[in-house]
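# Geometric and topological summary
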Amino acid sequence: MRIQFILSEIGIGLRRNLSIAISVMLVTMVSVYLMGIGFLAQGQVDTLKGYWYDRIQVSIFMCGKDSLDVNCDGKAVTDEQRDALRSQLDEMKPLVKNVYYESEQQAFDRFKEQYRNSPLSDYLQVGDIPQNFRVQLSDPKKYEVVVSAFEGAPGVGRVQDQQKTLDKLFKVMNVVTIGSLFLAGLMVLCSILLMATTIRQAAFSRRRETGIMKLVGASNFTIRLPFVMETVLAALTGTGLAIAGLWVTADSLLPRVSAVLQDAPLVGAHDIWFVAPWLVGFMLVVSVLTSWATLRRYLRV
Amino acid sequence: MIRFENVSKVYPRSTRPALSDINLEVERGEFVFVVGASGSGKSTLLRLVLKEEGVTQGTVLVAGQDVGSLPARKVPRLRREIGTVFQDFRLLPNKTVYQNVAFALQVLGRSGHAIRQVVPETLEMVGLEGKEKRLPHELSGGEQQRVAIARAFVNKPPILLCDEPTGNLDPTTSLDIVRLLDRINRTGTTIVMATHDDDIVDQLRKRVVELRNGHIIRDENKGVYGSGR
């Protein structure tokens, strides 16, 4: 088979069916984009989990002068109470890996640093955030043990577990993942049906050519190759555009999200290099299989 | 070259067989007219040779191969041994004369060099030199059939099947076309031509096989159109 001849046949085929080739391309683009978003969202969840599970902490806020927590009863924590909490935490090793003490001044400074762009930090005063123990756990999943041990203890205002906050975030991300993969699945189904219809139509509109090819003894491969190549070409162009779209999304939209999530690591444009080969491979397999199966049915020898 | 042994063909949903118990042998280099009324089984006979249809019973041998047991992937190779010409020419309307003939070689993967050599030769042989760049609709019926013959013959197949090639042509043109086929026959190509055209059969005096209702009722050398008239 001469490459030049095959290419010219593909060119003629695409020109004749340009509008439908474009629709295959666009449907593929949307399905691959959604699939990519799904994978990126899942990748984001994994990245964040890895990041946060190393840092996850249970914060034990002690009572301050003006604490509103019921347990404080308006009194600040005493030194004895604080020492008792510290030794109780020490006894809980090895579950408790590290304990950091943060004074009111340190808490104030950290908040100022983290929210330096937020107008909120201007109104904050030393003492608004009470002194606290930040407890790092060897197994973050067993936070309940620490929470139940210190909730309601004398001098403790509130025990805050960061895992709960994170779980909410992860839940949202999981919904994004499942939702986009579900939509992507529907769109892939759409593109498969569209490819099949396209090939049926192309096979019909070119039945004169294929009839002559059969008569002069062209192999099945030669007869079918242009149809398959046209479909693959349209599908891969769509995939290429979708990957470009994912790139733009990761490169320009995600950094805005990262302002909200502070310094947590985000999936970025570089992650697309890991997703892209799978998307291209998937679409290649789908388009080849679909077109081959359709041709077996509609382009018999 | 072509042998039918007790061949029957029944189309599904048909009450009577299109061909029943046909025995026929066509030697290499022969020119055979297959005559008979419409529906007598002429086209079915040709379709069985091409394996466009499978036999219901019996054996069809083409160039030593049992066509009935030929697997689908080997059918293209069989068809490269057979050129085919039809009543309705079947040219590609948006390709020129040259491109129509070259197409048959391109799809078989022949090199550009070989195509540039063989196509003009073949066009000259069928008498179309100087008309390479015409489109089919710019040609007369006879010229279009010449293009179709050139396309069927450009690959130099040992067998040429013609299914009423003169059916759409006037008598003079028809005779020209059959003379062309006769010339191709003299290069050693076996020709089987199904036809209605009594004038031509009577003039050429070749072997005549007559079919009626799927049976061979006559097979004679140097025959005339005869009873079907």
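This structure is a prediction, so every number in the text was calculated from the model and none was measured.

### Here's the deal with the pairing of strand S6 (residues 82-86) of chain B
- Counting buried positions along S6 of chain B gives five out of five residues, so the element sits mostly inside the fold.
- With burial as the criterion, each face of S6 of chain B is covered, one bearing Ile82, Thr84 and Phe86 of chain B and the other bearing Gly83 and Val85 of chain B.

### Examining the pattern of salt bridges
- Considering all chains together, one arrives at 19 salt bridges over all chains under this definition.
- Asp79 of chain A is the partner of Arg82 of chain A in a salt bridge, and the nearest nitrogen-oxygen pair spans 3.7 Å. Here Arg82 of chain A and its partner Asp79 of chain A are both found in helix H3 (residues 79-91), three residues apart, which amounts to about one turn of the helix.
- Taking the relative accessible area as the measure of exposure, Asp79 of chain A reaches 45% and is therefore partly exposed.
- Within this structure, Lys9, Arg47, Glu52 and Glu53 of chain B form a network of salt bridges that share partners.

### Let's talk about the nonpolar core
- Core analysis: the biggest nonpolar cluster contains 58 residues, and Phe33, Val107, Val119, Ile149, Leu181, Ile191 and Met193 of chain B have the highest contact counts within it.
- Judged by nonpolar contacts, the second largest core, of 29 residues, contains Leu19, Val34, Leu46 and Val60 of chain B.

### A word on the interface of chain B and chain A
- Listed per partner, the contact involves 25 residues of chain B and 19 residues of chain A.
- Interface area, chain B with chain A, both sides summed: about 1800 Å², of which 66% is carbon and sulfur.
- Among the residues of chain B in contact with chain A, Arg79, Phe103 and Val107 of chain B are the three that bury the most area, contributing 30% of the side total.
- Between chain B and chain A we count one residue pair in polar contact (both at pLDDT 80 or more) in total.
- At the level of elements, helix H2 (75-80), S6 and helix H3 (97-106) of chain B are the ones that each hand at least two residues to the side of chain B that touches chain A.
- With four residues, H2 of chain B is the single largest residue contributor to the side of chain B that touches chain A.

### Quick look at the sheet that holds strand S5 (residues 65-66) of chain B
Residues and elements named next belong to chain B.
- Here four strands make up an open sheet; going across it, the order is S2-S1-S4-S5 and the pairing antiparallel. The two strands at the open ends of the sheet, each matched to only one other strand, are strand S2 (19-26) and S5.
- Pairing of strand S1 (residues 2-9) with S2, which is carried by five bridges, proceeds in the antiparallel orientation. From the neighbouring strand, Ile2 faces S2, where its bridge partner is Val26.
- Contacts from helix H1 (residues 42-50) reach S1, S2 and strand S4 (57-62), with the element oriented near 115° to S1.

### Regarding helix H7 (residues 207-215) of chain A
- All of the buried residues along H7 of chain A are Glu209, Thr210, Ile212, Met213 and Leu215 of chain A.
- Two residues or fewer after H7 of chain A comes Gly217 of chain A, characterised by a positive phi angle close to 90°.

### Some details on unusual backbone geometry
Residues and elements named next belong to chain B.
- Its identity as a non-glycine residue notwithstanding, Lys51 has a phi of 55°, on the positive side.
- Mapped onto the elements, Lys51 comes out in the loop between H1 and S4.
- Positive phi is not limited to glycine here, since Asn213 has a value of about 50°.
- Within the fold, Asn213 resides in the loop between strand S9 (207-212) and strand S10 (215-220).
- Take Asn213: its relative accessible area is 47%, and that puts it in the partly exposed class.

### A short note on the confidence of the model for chain B
- Of all residues in chain B, 99% attain a pLDDT of 70 or more, and the chain-wide mean is 92.
- What the predictor reports for the complex is a pTM of 0.73 with an ipTM of 0.87.

Calculation rules
Residues numbered from 1 in each chain as written. Chains lettered and ligands numbered in written order. Predicted model: local features only at pLDDT ≥ 70, side-chain atom pairs only at ≥ 80, totals over all residues. Heavy atoms only, no water. Buried < 20%, exposed > 50% of the residue type's maximum accessible area, 1.4 Å probe, protein only. Helix = DSSP H or I, 4+ residues; strand = E, 2+ residues; numbered from the N terminus. Salt bridge = Lys/Arg side-chain N within 4 Å of Asp/Glu carboxyl O. Core = buried A, V, L, I, M, F, W, Y, C linked by side-chain atoms within 4.5 Å. Contact = heavy atoms within 4.5 Å. Buried area = accessible area lost by both parts, 1.4 Å probe. Polar contact = N/O pair within 3.5 Å; in protein donor to acceptor, adjacent residues only side chain to side chain. Pairing = 2+ DSSP bridges. Axes fitted to C-alpha atoms, helices over the stretch in contact; angles between N-to-C directions. pLDDT = per-residue confidence, 0-100.

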